[in-house]
Amino acid sequence: DFLFGLMISAIATPSQPLVLFLDDLQWADITSISFMKSVLKNSESKCFLFIGSYRNNEVSDGHPFAEFLSDISTRDIPVTKIELDNISKENVNDLISNVICMPKLHTKSLTDIVYRKTGGNFLFVNQFLKTLYSTGLLTFSLDSESWKWDTAAIEMKTIPDDVVRLLVCRITMLPVQTQHVLKMLSCIGSACTKSTLHLFINDMDLHSTETTNMASSRENDSFSSLEVAIGEGFLNKEGSSYNFAHDQIQFVTYSLIPKDRRDQLHLQIGYNILKNKPSDDRGNIFFIAVNQLNRGKLAMDEGMKELVAGLNLKAGHEAISLSAFQNSALYFAAGISLLCNDCWNKSYDLSLKLYSSYAEVEFCNGHFDEVGRVTKIILQKAKSLQDRLRAYSTLIKTLGAQKQSRNAIEISLSVLGDLEEPVQYTSREDLVKTLHIFTKMDNSQFLRLKKMDDNTKGVVMKLLHTLSFHCFFSESKYLPFALNRMLELTLSHGVCKESCSAFATISFMLCGLHGDQTGSSRAGELALLLLDISHAKEYESNVRNFVSTTQSWTDPLRLTIKRKFSSYEIGMQTGAIDDAMYSAAGCCYYQFFCGIELPILEKDCRRFIKQMSEYKQTLAKDRVTILLQVALNLMGKSNNPLDLTSETMVQSQYIEECPKQMKCGFYILSSWLAYLFGEYELASSAVSSRMEVEKNTNKKIEWCGMTLFYDCLIYLAVEKRDQKRFASDISGKTKMCGFYPRALMKKLVDYAPLNNQHRLLLIEAEVASLEGEHDIAIEKYDSAIAAAEVIGFLHEQAIGNERAGDFFLAHGSIKRATRYYGHAIDLYRRWGAQAKVNHLCKQVPI
């Protein structure tokens, strides 16, 4: 579904709009409906039109498609409903006139009978005319070279008065061999390729559907029979595919198979396809075979059920490899339904694999209630701790996704204890020391490390990986322990797939002004190196997301947006939904850091929030929700630009419920908004609150220098307002005005010059302004504005112009102030910050 959505976005353009039409949606299954939901919700293209048709008399309130219609009606998806009735009598006459090439006046008598019999149902009209022709009641006269019919004879002829009975009558008039082949085809569905038919049609025994003593048909006879069906209008052939001309024809054909023989027939078809399928089949034919076998459940004995359950296990994993997680869940569930009541004793290994796989894929689908139910069964029935580990891992991830990180951590620690894995206090310094053992290695030395072959330690690594993920967001003291232990196990027992995740997480933890840049960069390199050689697809999204944050300190921020989005796509394709959602959140934040137009940011935030809600990824959703609210405040879509409360969130509730790490992010964004709208004391208070919370976090949120930049601006704004040469700065230390901001910003530029040079220039301009160095201030303001323009940071270019306007206004240069304010207003407007435009227009006395 995700990949199809990407394809639609790629090919639907103004010059090449795309229309997708799906018929007979009253028969849509859960997977098809999930596909439609995904396409409609995720496609952002205005050049895409989806058309669906269904019979409303076959869609009751409890029907899955009815729920789908109700769902899309509550979303911001424009929907047009068109109800089609039966065709009118005039239209029927037009149709008959065109078909038999006679004037409408001459066909009126035939039309009267046809319309009275069919009521204008198009399929019924079509089949009724064919019946008249096949029974000799509608004939072509060679003498008059026109069509003839006997109205009285038609009236006297007993012809079924509904389309189903008429189709039954017509089908049963076909040769027995043709009927048989049609029935085989109806078991597959509305269409079947010739190559698939080859696999089973010759091995099918007519006794399974007929009572005559016919011999098994040969291949040529079978396909000749299909040609007969095509000639009679029951089938169409498109390329190598045979399609029923109408879904009702398939329905009626299937209904002609006795109910007590249908399961046996499906079982026989599935068995023959499986027996004859080519060795190079990539899954499609195998899926058809398993689907047929599943429909033959009632005809299976216990041995066959166990065999087919195993095939469903294989099909489920094949579906996962194709990123078809909904289908995968259906196969695992079908396999479980085939197990006997005493399956945990009689078929223990198969039961464990089916239940564990089903829980994992339902986590990917966001069905957390089902995950809880299934993991509970596993934990009760599994014979050993080793057998319960997959269920524990899935349960832990599910708890974490629902903001129950503490419970997730407690279970992780408990299981580690059961595995006799020592849990001990580890400091950040201990972690750095262990990391340095690896960073001293060159690539060739690192690659010579052995591969981990101890299965128990491999399980421990998986648990430590999950533990570290949740420790990070809950600010647990166990984060350094989890990461350090993963490094120790990698040293002592060898590398494994989880090793690359450990290095990536450490790289992220240590990056920034308050970390170890050398160790961070090298850890990121080792993570990517291990990712390539270990083919750890399940961790690729996680690794690339963390490493991209490290790289953002030295690479262009716009490149980080691309990397985060790529990480998101990889996670969606591989089933790493939690990593995909955090990558999506990062993508939104880096768009904000780069000054991407706010309407674009709002659109992306809302799109990802929808997806996060569907997958029940609450933590990631909360992260994006606050950013969306900031964007809405700036755009003027809230009552108070300083209060992060509207339809998306309630500020007081958010502060109370969010983890400390996210609380720090809230205070950063709040201080930034307050600064932008001139509320400097409020901004300073938010900075102080953040610094208090930071004392108990694993990592300070620096956001590639943005946090420090606005801390400095806020500090200098307060200094300007108070006009004091000495003051207690926002970190609680007393320093000469100018030393604290300028020195730290210089350190930031030395660390990450590409994205911060314009920021240093603006800080230096503000400091020079405070210290009365007017010429230097003017030069620095202009340089800062020009540097921000070069890298395309609209918002910070606007701030530079606004500060320059303040400077000239304070010194009585109204004309120059007006020019800079004008540029600022234009830039804020281009950014989409209408609330800031309004604020500036009101505040500037010119």
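1. Focus on the overall build of the chain
Then, in step 1: Counting secondary structure elements, the chain contains 42 helices and 9 strands.
Then, in step 2: Each principal axis of the C-alpha atoms in the chain carries an extent, and together these give about 115 × 70 × 45 Å.
Then, in step 3: Residue burial in the chain is summarised as follows: out of 846 residues, 55% are buried.
Then, in step 4: Contacts in the chain between residues far apart in sequence, at least 24 positions, make up 67% of those at least 6 positions apart.

2. Topic: the pattern of salt bridges
Then, in step 1: Applying the stated criterion to the full structure yields 28 salt bridges.
Then, in step 2: Where Arg485 meets Glu421, a salt bridge forms, and the shortest distance between an N and an O atom there is 2.2 Å. Of this pair, Arg485 sits in helix H25 (residues 479-493) while Glu421 sits in the loop between helix H21 (405-418) and helix H22 (428-439), and the two are 64 residues apart along the sequence. Each member of the pair, Arg485 as well as Glu421, carries the same accessibility label: buried.

3. Comments concerning the confidence of the model for the chain
Then, in step 1: For the chain, per-residue confidence averages 87 on the pLDDT scale, and 93% of positions sit at 70 or higher.
Then, in step 2: Here strand E9 (residues 734-736) stands out as the least confident element of the chain, with mean pLDDT 33; helix H40 (residues 794-810) is the most confident, with 96.
Then, in step 3: Ignoring residues within four places in sequence, the model shows residues 206-217, a span with pLDDT below 50, making 29 contacts including any to other chains.

4. Observations concerning the sheet that holds strand E5 (residues 191-193)
The pairing of strands in a sheet happens through backbone hydrogen bonds and is either parallel or antiparallel.
Then, in step 1: If you walk across this open sheet you meet the 3 strands as E5-E7-E6, and the pairing is antiparallel. Two strands lie at the open edges of the sheet, namely E5 and strand E6 (235-238), each paired on one side alone. With direction set aside, neighbouring strand axes in the sheet form an average angle of 20°.
Then, in step 2: Taken together, the 3 bridges between E5 and strand E7 (residues 241-244) define a ladder with antiparallel strand orientation. When the sheet's bridge partners are listed, Thr193 is paired in E7 with Ser241.

5. Description of the nonpolar core
Then, in step 1: By size, the foremost hydrophobic cluster in this structure holds 148 residues, and its most contacted members are Phe592, Leu634, Tyr675, Tyr828 and Trp831.
Then, in step 2: Among the elements that take part in this core, helix H30 (residues 577-593) stands out by supplying 12 residues, more than any other.
Then, in step 3: Those residues within four positions of Tyr675 in sequence are excluded, and the remaining contacts are Tyr680, Ala683, Tyr710, Leu713, Ile714, Ala717, Ile799 and Arg803.
Then, in step 4: Leu449, Val460, Ile506 and Leu510 belong to the second largest nonpolar core, which has 55 residues in total.

6. Focus: the packing of helix H18 (residues 348-364) against helix H20 (residues 385-401)
Then, in step 1: Interaxial distance between H18 and H20 falls to 10 Å at its minimum, and their mutual angle equals 15°. By the angle between their directions, the pair H18 and H20 is classed as roughly parallel. Note on packing geometry: the crossing formed by H18 with H20 is left-handed. Facing Tyr348, Leu352, Lys353, Ser356, Ser357, Ala359, Glu360 and Phe363 of H18, the residues of H20 in contact are Asp387, Arg390, Thr394, Lys397, Thr398 and Ala401.

7. Focus: the packing of H22 against helix H26 (residues 497-510)
Then, in step 1: Relative orientation of the contacting elements H22 and H26 amounts to 125°, with a least axis distance of 12 Å. The orientation of H22 relative to H26 falls into the category oblique. Viewed along their axes, H22 and H26 form a crossing whose handedness is left-handed. Of H26, the residues touching H22 (which contributes Arg428, Leu431, Val432, Leu435 and Phe438) are Phe503, Ile506, Met509 and Leu510.
Then, in step 2: Split into classes, the residues belonging to the contact of H22 with H26 amount to 8 nonpolar, no polar and 1 charged.

8. Here we look at unusual backbone geometry
Then, in step 1: Located in the positive-phi region is Glu420, a residue other than glycine, with phi close to 60°.
Then, in step 2: Mapped onto the secondary structure, Glu420 falls in the loop between H21 and H22.
Then, in step 3: A relative accessible area of 72% places Glu420 in the exposed class.
Then, in step 4: With a phi angle near 50°, Trp703 is a residue other than glycine that sits in the positive phi range.
Then, in step 5: In this fold, Trp703 is placed in the loop between helix H35 (680-694) and helix H36 (706-722).

9. Describing a nonpolar patch on the surface
Then, in step 1: Taken together, the side chains of Val19, Phe21, Leu49 and Ile51 present a nonpolar region at the surface, about 360 Å² in accessible area.
Then, in step 2: Along the chain, the position of Ile51 falls in strand E2 (residues 48-52).
Then, in step 3: Residue Ile51 is classed as partly exposed on the basis of its relative accessible area, which comes to 35%.

10. Some points on the packing of aromatic side chains
Then, in step 1: This model, assessed by the stated rule, comprises 34 aromatic pairs.
Then, in step 2: The interplanar angle of 35° and the centroid separation of 6.3 Å between the aromatic rings of Phe223 and Tyr242 together place this pair among those described as tilted. In this pair, Phe223 is assigned in helix H11 (residues 219-231) and Tyr242 in strand E7, connecting sequence segments 19 residues apart. Comparing Phe223 with Tyr242, the two get one shared label, buried.
Then, in step 3: Ring geometry for Phe469 and Tyr582: centres 5.2 Å apart, planes at 70°, overall edge-to-face. With Phe469 in helix H24 (residues 455-474) and Tyr582 in helix H30, this residue pair connects regions lying 113 residues apart in the sequence.
Then, in step 4: Note on Phe469: relative accessible area 11%, which makes it buried.
Then, in step 5: Here the aromatic cluster, defined as three or more aromatic residues joined through ring pairs, consists of Tyr589, Tyr590, Phe592, Phe593, Trp672, Tyr675, Tyr680, Trp703, Phe709, Tyr710 and Trp831.
Then, in step 6: Sitting over the face of the ring of Phe286, Lys314 holds its NZ or CZ atom 4.9 Å from the ring centroid.

11. Some thoughts on the side chain of Glu498
Then, in step 1: Among the structural elements, Glu498 can be located in helix H26.
Then, in step 2: For Glu498, a relative accessible area of 3% corresponds to the buried category.
Then, in step 3: Of note is the side chain of Glu498, whose polar atom sits 2.5 Å from the side chain of Tyr539.
Then, in step 4: Among residues more than four places away in sequence, those in contact with Glu498 are Gly458, Met461, Lys462, His465, Met486 and Tyr539.

12. Description of helix H8 (residues 163-172)
Then, in step 1: Taken together, the buried positions of H8 are occupied by Val163, Leu166, Leu167, Arg170 and Ile171. All buried residues of H8 lie within an arc of 130° about the axis, which places them on one face of the element.
Then, in step 2: Buried residues along H8 sit against helix H6 (122-134), helix H9 (176-188) and helix H12 (247-255).

13. A look at the state of the cysteines
Then, in step 1: One pass over the structure, following the stated rule, counts 0 disulfides.
Then, in step 2: We note that Cys192 lacks a disulfide partner, and the nearest cysteine sulfur, in Cys187, lies 11 Å from it.
Then, in step 3: Cysteine Cys500 is unpaired, with the sulfur of Cys496 as its nearest cysteine sulfur at 8.2 Å.

14. Points about the environment of Ser356
Then, in step 1: Within the element layout of this structure, Ser356 appears in helix H18.
Then, in step 2: Sequence separation between Ser356 and Ala315 is 41 residues; the distance between their C-alpha atoms is 15 Å.
Then, in step 3: Apart from the residues lying within four places of it in its own chain, the contact partners of Ser356 are Ile378 and Arg390.

15. A closer look at helix H28 (residues 537-551)
Then, in step 1: The first and last C-alpha atoms of H28 sit 21 Å apart over 15 residues, in line with the 21 Å expected at 1.5 Å per residue.
Then, in step 2: Along H28, 11 of the 15 residues are buried, which leaves the element largely enclosed by surrounding structure.
Then, in step 3: Within H28, the full set of buried residues consists of Tyr539, Glu540, Ser541, Asn542, Val543, Asn545, Phe546, Val547, Ser548, Thr549 and Thr550.

16. A look at the side chain of Asp263
Then, in step 1: Relative to the assigned elements, Asp263 resides in helix H13 (residues 259-276).
Then, in step 2: Among buried charged residues, Asp263 stands out as having no salt bridge; its nearest opposite-charge side chain is Arg262, 7.5 Å away.
Then, in step 3: Once you skip the residues sitting within four places of it in the chain, Asp263 turns out to touch Arg295, Gly296, Lys297, Leu298 and Ala299.

Cut-offs used in this document
- By convention here, each chain's residues receive numbers from 1 onward along its written sequence.
- Per-residue local features of the predicted model are confined to residues with pLDDT of at least 70, and side-chain atom pairs are confined, for both listing and counting, to 80 or more; whole-chain, interface and lining totals are unaffected and use all residues.
- As a rule here, side-chain values come from all non-hydrogen atoms in the structure, and water together with hydrogens is ignored.
- Segments assigned H or I by DSSP are reported as helices when at least four residues long, segments assigned E as strands when at least two residues long, and all are numbered from the N terminus.
- Relative accessible area decides the class of each residue, using a 1.4 Å probe on protein chains only: under 20% of the type maximum gives buried, over 50% gives exposed, and in between gives partly exposed.
- Contact definition: two residues touch when any of their heavy atoms are within 4.5 Å.
- For this document, the term salt bridge refers to a Lys or Arg side-chain nitrogen within 4 Å of an Asp or Glu carboxyl oxygen.
- Per residue, pLDDT captures the predictor's confidence, and it can take any value from 0 to 100.
- Strand pairing requires that DSSP identify at least two bridges connecting the strands.
- To get an axis, fit a line to the C-alpha atoms, keeping to the stretch in contact for a helix; angles then go from 0 to 180 degrees between the N-to-C directions.
- We define a nonpolar core as any set of buried Ala, Val, Leu, Ile, Met, Phe, Trp, Tyr and Cys residues linked to one another through side-chain atoms lying within 4.5 Å.
- By the definition adopted for this analysis, an angle is roughly parallel if under 35 degrees, roughly antiparallel if over 145, roughly perpendicular if from 65 to 115, and oblique otherwise.
- In a left-handed crossing the near helix is turned counterclockwise from the far helix by less than a right angle, and in a right-handed crossing that turn is clockwise.
- Classification used: nonpolar for Ala, Val, Leu, Ile, Met, Phe, Trp, Tyr, Cys and Pro, charged for Asp, Glu, Lys and Arg, polar for all others including Gly.
- Patch membership requires over 30% relative accessible area and the absence of a salt bridge. Like charges are linked within 9 Å, and nonpolar side chains (Val, Leu, Ile, Met, Phe, Trp, Tyr) within 5 Å.
- Per-residue and other accessible areas were derived by the Shrake-Rupley procedure at a 1.4 Å probe size, with only the shown protein chains allowed to occlude residues.
- Only the six-membered ring of Trp is used, alongside the rings of Phe and Tyr, when aromatic pairs are assigned; centres must lie within 6.5 Å, and planes under 30 degrees apart are stacked while those over 60 apart are edge-to-face, with the rest tilted.
- Ring-over charges, as used throughout, are those where CZ of Arg or NZ of Lys falls within 6 Å of the ring centre and within 35 degrees of the ring normal.
- Any pair of N or O atoms that falls within 3.5 Å is considered a polar contact. Within protein, one atom must be able to donate a hydrogen and the other to accept it, and sequence-neighbouring residues count only if both atoms are side-chain atoms.
- As used here, the arc is the angular range of directions from the helix axis to the C-beta atoms.
- In this description, a disulfide is simply a cysteine sulfur pair whose atoms lie within 2.5 Å.
- Here, expected helix span is obtained from the residue count minus one, scaled by 1.5 Å.
- Counted as positive: Lys and Arg. Counted as negative: Asp and Glu. His and the chain ends are not counted at all.

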